[in-house]
Amino acid sequence: MAASDVVISFMILVSIYGILALGLNVKYGHTGLLDFGHVGFYLIGAYTAALFVLAPDDPTDFTTYVIGLGELPVIGTWGTAILAATLLAGVIGGLVALPTIRLREDYLAITILGVSVIFQRVIQSETWLANGPDALRGYSPPLQSLFPLAIDTVVGPLLVGLIFGVVWAVATATLGQFRDADSRLPLGGVYGVTTFGLSRLHRRDGGLGSVSAVGTLAGAIAGVASAALLSVLGTLLALGALVSLYTWFVAVVAVARRYGDLGRPEWGVGVALGTGLLVSLLPLPVLGSVGLKSALTLGLLGTLVAAYYYGVTRVEWLADVKLTVVAVGALWFVSLWYFVLPTLGPLGDGDVGGALNVLAQNVVWVLGFGSDTGITYAVALIGDLTVQVDYSRFQLVGFVLFLVGLYYVLELAVRSPFGRVLRAIRNDETVVKSLGKDPFVYKVQTMVLGSALGGFAGALWAMYAQGLTFTTFAPRITFITLLIMFLGGVGNNKGMILGAGIFWAFQQATTQLASFFPPAVRVNIQAFRLVVVGILFLVVLYYVPEGLLGREDNSPSEVDG
Amino acid sequence: MSGDPIVEVDGLRKTFGGIVAVDGATFEIEEGAITGLIGPNGAGKTTTFNLISGFYEPDGGTVRYDGRDLQEIMRPHRDEKVVWGGASGLTIGTLGGIGALGLAGLGSAPAVGVTAAGAAAGVGGYLAKQRLTQRRPGHTNSRPYMLARDGLVRTFQLTRELGEMTALENLMLAPQGQAGENLANAWFRRDAVDREEAAVRERAAEMLELLEIEHLTHEPAGNLSGGQRKLLELGRVLMLDPRVILLDEPVAGVNPALTEKLMDRIESLRSEGYTFCIVEHDMEVIMELSDTIIVMNEGKKLVEGAPEEIRNDQAVIDAYLGVG
């Protein structure tokens, strides 16, 4: 698997858990309702969606489930399934809330934890409902049969256009925000080109002139244009390269914006941290003996952590930027891992073309490489590149769209007077009562909204996993979501996405590391990482209780111009 | 100043276990006047406040606000009954329908019947439960927000500011019936909500200016000093456009200069037609402010009268000095 494929599946998981954490954040972060049973609504969403798209139960095979609506028109589609999953999880969240919401926060948490375990046990023991303790399978994600896309049909270019258009829209909207927020960066020219001149609309306020509207329009144009170009010229690789390079440009601008102000010493420490991490991991692929390589790696890692700890506790200027240098180090490490490490193998063999080939595969991330079904292009210096648009990239685009859309909808809610009442309830419910507002009604609405988001995430999980087992929906998931929430910053919607990103980066990294060990050890590492996650939770609560991004300032001072 | 009673307290009783906090208190609060409520510690003043503002459920006696019994005001309204009855019917009906179709394997016609029956049972069950609870002897509603909506508001003895929210947000929370407090409006009628929000913000800014704490507009309320919090609370209840304001120790812990300012504010608000009832331990303040003073002792009204009468009343002096 190329590094870009790892990143794609990572980002899919981040979107699912991001939405799940957004739901929990509505409950705890904004309203102060501690819910230890969030996974229950995730479960309801997942199973509801699966039952909507499954074909009617076949009594002759080994799976049994109560109802399968997959063969009905409209109702049996994924769109309806996601909608139904969201609605049902929301309604059940509301019903659970009606009797329990009067409880004080820790009692509420434990009660809903119990409810979520009940849901899980029902799925496990009621064999007629959703195949009991065995996996519920037999459905496929939407449009999967169209992949790998054939470019010479009508549907192929359209879907590629859709994917490229969405990527373009998200990148352009991000770039537009950077341009608005930071006039020092000379982005006007590039933005003008990538919006196809639409950036002029910005002069007007709101409506068509908003950054998201311009981004959407630019994305639509880019999508239609690439669909047209594809069907006429078939230049998939060139278009993919263009779109990918654009996203890398936006990423570089984002890094420059965030860390461009840092001085050389800070950058130096960050780069040293990242390089140090890489160096401490080097014994893993190089050495043979399990004992030797784990001892050496752990020793080097320990030295690195000790050096960092010594630095941030003894050096004054370093203490002020202790989280920033870690972020810079992580970025540096990820860049090395993504761009440099994969080329080392071919370079070691003296195969420059091969190295460039691998590099190209990782840079042009919107396209999948190396399968035998795609279109083959011969490129100078690099050699043959077989490219195709695979299903996971299509899925990623959809999931990211969902995440961005739900994030936007939630931001609207929490920045409105409704969100203000929620924050007031978290601060002091009695005040809310004394001001003529019924906290009960708001708390029930919060539970409905948060649980519905949990259900939405569950439906996406069902789509991604293509099979559901009750063991997946253990209370563990709730606590992982809580970790994500505390990591990113309670009450900060952006923090949920960051938290999900860090958690899944950790999961992916440990999976990769485990592959350097023999299978017997690998299992232990996989099990051990849950312990590490627990320790991470403690460290976060102890050292950064407000989370990495902190609580977001929703005060109106920000809004008024 | 109309002089009509707007709050009538009659034989109010409240016990906490063996302690009788309020024991048959009977008095009236005149509209457009400032009524002081004083008494030694443990006289039941704050408990009376909690009863009048609906935060406690009385064990006996009645409170009438604007001619209506508090219990009647706090009882669920008709539209609330429609919402909850409908929700109850919908839920039970849906569950019945799913059960009939999925579990019992009935056809669609009986399933529709089961759904309808379930819906009827849901609505009926909710209404019957409401009726039964409301008729149960001694049943009391504790829904103080209904009183605040009708213009009877209170502040708290220990200030309850919303510490993580700014002073401005604390004030902007208060106005009644903001369209944006409805989630659907917040999503789908954003223009209207934004307009209203701008108006509310302007009013809140004016209020901060009036209270002379406009320099703290964007300061989290938790960072305010004790006196500034008292001012903020007063401002917050004023944002509600109330008729009657119950102030529980408004100047406790406030420095003399600020106390002076607060008293001026209350006086000028009274002349604008607001009605105040004030619990306060600072005799200077209460004597200067009040039109009428009610002295409570051991859960009962001891005396009532103009400040000068109270100052010289032997029963009051005895109660405060503990002479039987």
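Residues numbered from 1 in each chain as written. Chains lettered and ligands numbered in written order. Predicted model: local features only at pLDDT ≥ 70, side-chain atom pairs only at ≥ 80, totals over all residues.

Student: An account of the domain arrangement of chain B is requested, with residue identities and associated values reported.
Tutor: Where interface size is quoted, it is often the accessible area lost as the parts come together. Looking at the assigned domains, one finds that chain B contains domain 1 (5–72 + 148–161 + 243–321), domain 2 (78–135) and domain 3 (163–223). For domain 1 of chain B and domain 2 of chain B, the distance between their C-alpha centres works out to 47 Å. (Domains from an automatic or database assignment.)

Student: Could you give an account of the pairing of strand β3 (residues 383–388) of chain A, naming the residues involved and the relevant values?
Tutor: Residue and element names in this part refer to chain A. Pairing between strand β1 (residues 368–369) and β3: two bridges, direction antiparallel. Across the sheet, residue F369 finds its bridge partner in β3, namely V387. Across five bridges, strand β2 (residues 375–379) lies against β3 in antiparallel orientation. Looking across to β3, one finds that V379 is bridged to G383. Between the end of β2 and the start of β3, which pair antiparallel, lie three residues, with L381 showing a positive phi angle near 70°. (Pairing = 2+ DSSP bridges. Helix = DSSP H or I, 4+ residues; strand = E, 2+ residues; numbered from the N terminus.)

Student: Describe in detail the environment of L277 of chain A, supporting the description with residues and values.
Tutor: Here L277 of chain A shows up in helix α10 (residues 264–281). A count of 20 C-beta atoms within 10 Å places L277 of chain A in the buried class. (Buried ≥ 20, exposed ≤ 12 C-beta atoms within 10 Å, placed from the backbone.)

Student: Let's hear about the domain arrangement of chain A: which residues, and what values?
Tutor: All names here are of chain A. We note that the domain assignment places domain 1 (3–142 + 393–483) and domain 2 (148–259) within chain A. If you average the C-alpha positions of domain 1 and of domain 2, the two centres end up 32 Å apart. The interface is formed by six residues belonging to domain 1 together with five residues belonging to domain 2. A per-class count over the side of domain 1 that touches domain 2 returns five nonpolar, no polar and one charged. (Contact = placed C-beta atoms within 7 Å. Nonpolar A, V, L, I, M, F, W, Y, C, P; charged D, E, K, R; others polar.)

Student: Outline the interface of chain A and chain B, supporting the account with residue identities and numerical values.
Tutor: Contacts between the two partners involve 27 residues from chain A, matched on the other side by 32 residues from chain B. Of all the secondary structure elements, the ones that give two or more residues to the side of chain A that touches chain B are α16 (391–415), α17 (417–427), α18 (429–434) and α23 (556–559) of chain A. Broken down by element, the residue count for the side of chain A that touches chain B peaks at seven residues, all from α17 of chain A. Partitioning the side of chain A that touches chain B into residue classes produces 13 nonpolar, eight polar and six charged.

Student: Just give me the short version of the confidence of the model for chain A, but keep the residues and values in it.
Tutor: Residue and element names in this part refer to chain A. Overall, the prediction assigns chain A a mean pLDDT of 88, with 96% of residues at 70 or greater. Across chain A, element-level confidence peaks in helix α19 (residues 439–465) with a mean pLDDT of 96 and bottoms out in α23 with 41. Confidence drops under a pLDDT of 50 for residues 555–561, and excluding neighbours within four residues, the segment shows ten contacts in the predicted structure. (pLDDT = per-residue confidence, 0-100.)

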